[in-house]
Amino acid sequence: MLGVDAGWETTVFSQVNQWRGITASIRRELNEKWYVAGRAEYYKDRQAVILAEGMKLNGFSANLDYHVSSQGLIRFEVRQFFGEDAYFAIPGASFSKGNTAVTTSFSISF
C-alpha cells in the first residue's frame, strides 16, 4: 500500500507553508491469527505546519499482530525515526538524530 499526503497553509502575511508525507507499507498473513507488517515513512515539514519545530524525517517500523478474536488485536511494534538534524531530546539536555520506540498495544473494535 502506498500513501501520499500534502498540505498548504497560508499565514496572516500571505506566506504559503507546505508539508508532505509519503508512506509505503506491506502486510502478510502468517496464519489465521498472526500477521506481520512493515512500513517506511518520509515527512518534510520545514515550516512546522504539522510537525513541531519543522522537520524532515524518515522512519521505518515493523509489527507483529495477534488477533485475539474478530474484535480484539494485540500489536507488538518497533518503530525508528531519523532526521538530518538532531530533533529528538535525550534526558540530560542533549539531542539525537534518531528515535526508537518499542510498543505493545491492545485494541478492541466495535
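Just so it is clear, the model here is predicted, and its values are computed rather than measured.

## Description of the sheet that holds strand 8 (residues 98-108)
Then comes step 1: With antiparallel pairing, 6 strands are arranged side by side in an open sheet as 1-2-3-4-5-8. On the outer flanks of this sheet lie strand 1 (2-10) and strand 8, each paired with one strand and no other. When the angles between neighbouring strand axes are averaged without regard to direction, this sheet yields 15 degrees.
Then comes step 2: Both strand 4 (residues 55-67) and strand 5 (residues 72-83) contribute to a ladder of 11 bridges, which runs antiparallel. Its bridge partner being in strand 5, Tyr66 is matched across the sheet by Ile74.

## Overview of the packing of aromatic side chains
Then comes step 1: Across all of its chains, the model carries 2 aromatic pairs by this definition.
Then comes step 2: With 4.7 Å between their ring centres and 45 degrees between their planes, Trp34 and Tyr66 make a pair best called tilted. Here Tyr66 lies in strand 4 and Trp34 lies in strand 3 (residues 34-45), a separation of 32 residues in the sequence.
Then comes step 3: You can call Trp34 partly exposed: its relative accessible area is 30%.
Then comes step 4: What makes Tyr66 partly exposed here is its relative accessible area of 26%.

Calculation notes
- Residues numbered from 1 in each chain as written.
- Predicted model: local features only at pLDDT ≥ 70, side-chain atom pairs only at ≥ 80, totals over all residues.
- Heavy atoms only, no water.
- Pairing = 2+ DSSP bridges.
- Helix = DSSP H or I, 4+ residues; strand = E, 2+ residues; numbered from the N terminus.
- Axes fitted to C-alpha atoms, helices over the stretch in contact; angles between N-to-C directions.
- Phe/Tyr/Trp six-rings, centres within 6.5 Å; stacked < 30°, edge-to-face > 60°.
- Buried < 20%, exposed > 50% of the residue type's maximum accessible area, 1.4 Å probe, protein only.

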